Amino acid sequence: MLNNDNKAIMIKDMHPDERPRERLERYGPGALSVPELIAIILRVGNAQQSAVQMGQMMVRDFGNLRSLADASITQLSKVKGIGLAKACQLKAAFELGKRLATSGDTLRPVMETPQDAVDLLMEEMRYLKVEHFRVLFLNTRHEVMQNNVISIGTLNSSLVHPRETFSAAISYSSAAIILAHNHPSGDPSPSHEDLVINTRMVQSGALLGIPVLDHIIIGDGRFVSLKEQGLMGS
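What counts as what
- Residues numbered from 1 in each chain as written.
- Predicted model: local features only at pLDDT ≥ 70, side-chain atom pairs only at ≥ 80, totals over all residues.
- Heavy atoms only, no water.
- 1 Å grid on protein atoms, 1.4 Å probe; cavity = no way out; pocket = protein on both sides within 12 Å on 5 of 7 lines; lining within 4 Å.
- Points joined across faces, edges and corners; volume = space filled by probe spheres on them.
- Helix = DSSP H or I, 4+ residues; strand = E, 2+ residues; numbered from the N terminus.
- Nonpolar A, V, L, I, M, F, W, Y, C, P; charged D, E, K, R; others polar.
- Phe/Tyr/Trp six-rings, centres within 6.5 Å; stacked < 30°, edge-to-face > 60°.
- Buried < 20%, exposed > 50% of the residue type's maximum accessible area, 1.4 Å probe, protein only.
- Patch = residues over 30% accessible without salt bridge, like charges linked within 9 Å, V, L, I, M, F, W, Y side chains within 5 Å.
- Areas by Shrake-Rupley, 256 points an atom, 1.4 Å probe, with all protein chains shown as cover.
- Salt bridge = Lys/Arg side-chain N within 4 Å of Asp/Glu carboxyl O.

A. Layout of the layout of surface pockets. Of the voids in this model, the largest pocket is the one considered here, and its volume is about 800 Å³. Lining the largest pocket we find 26 residues, and of these R66, A69, F94, G97 and K98 sit closest to its centre. Of all the elements in the fold, those that place two or more residues in the lining of the largest pocket are α2 (34-42), α4 (65-70), α6 (83-102), α7 (114-125) and β1 (132-138). Counting residues per element, the lining of the largest pocket draws most heavily on α6, at nine residues. Across the lining of the largest pocket, the residue classes tally to 14 nonpolar, three polar and nine charged.

B. Summary view of the packing of aromatic side chains. The final tally for this structure, using the stated rule, is one aromatic pair. Here F137 and Y172 contribute two aromatic rings whose centre-to-centre distance is 5.0 Å and whose plane-to-plane angle is 65°, an arrangement assigned as edge-to-face. Of the two residues, F137 is situated in strand β1 and Y172 in the loop between α8 (162-171) and β3 (176-182); the sequence distance between them amounts to 35 residues. Overall, the relative accessible area of 0% leaves F137 in the buried class. Y172 sits in the partly exposed class, given a relative accessible area of 27%.

C. A nonpolar patch on the surface, seen in detail. On the surface, I170, L207 and L208 cluster together to form a nonpolar patch covering roughly 350 Å² of accessible area. Within the fold, I170 resides in helix α8.

D. Geometry of the pattern of salt bridges. Under the definition given, this model contains seven salt bridges. For R66, the salt bridge is made with D70, and the minimal N-O distance between the two is 3.8 Å. On the criterion of helical spacing, the pair formed by R66 and D70 is a turn pair, its members being four residues apart in helix α4. In this structure D70 comes out as partly exposed when scored by relative accessible area, which is 40%. Here E124 and R134 are joined by a salt bridge, their closest N and O atoms 3.1 Å apart. One end of the pair, E124, is in helix α7; the other, R134, is in strand β1, and 10 residues separate them in sequence.

Take it as geometry only, folks, not as evidence of what the structure does.
Now the structure itself:
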């Protein structure tokens with residue numbers, strides 16, 4: 001929004017009831033739009049745009065909040081009026097949100113059901129554009145000691161070998177593991193390759209005394225547990 005002098009109306013010039021920070025304080029963050037939340041992170045705009053208008057422009061130009069959150073620092077810093085410092089502020093805020101979404105109620109979440117693993121992994125893995133093969137390393141109480149990416153594959157497959165998985169499991173003194181990978185298509189139905197890899201992992205775990213408890217395939221808001229499908233037999 002511009003005033004009669006063709007200058008952007010700054011947040012400080014807005015009515016107090018319209019300022020994002022005051023609205024957040026009065027009504028809570030849930031009452032604010034995405035551009036308003038971005039404006040609070042940016043703090044100030046530039047001579048042509050207020051911070052709120054810059055937030056609106058960024059959401060429009062990147063298409064949606066997910067694409068904006070996935071943008072690199074280089075991409076963000078190229079937006080007019082953003083620059084490196086503000087790009088870093090935005091990336092830090094998005095990373096905190098991602099970590100909060102994937103954190104458990106405890107420092108070591110307990111894996112008792114397939115849903116426990118899905119709750120831990122879904123938001124982090126559902127939007128990935130290539131397959132990531134991840135392993136949850138558990139102690140004797142089935143608490144997650146480590147949550148590691150073992151391999152990153154192409155759009156259609158991950159190249160996974162038991163060697164990398166179980167060498168890490170041994171180094172962490174794992175009592176058991178849970179496998180997980182995503183399908184970029186959004187469809188979590190297991191492929192033939194998924195089942196081959198799973199059988200190899202289950203057999204290797206049995207030989208080493210580190211059982212594979214489940215293999216979760218993450219889609220877009222959906223998942224398949226190979227354990228629930230009865231596909232964990234060696």
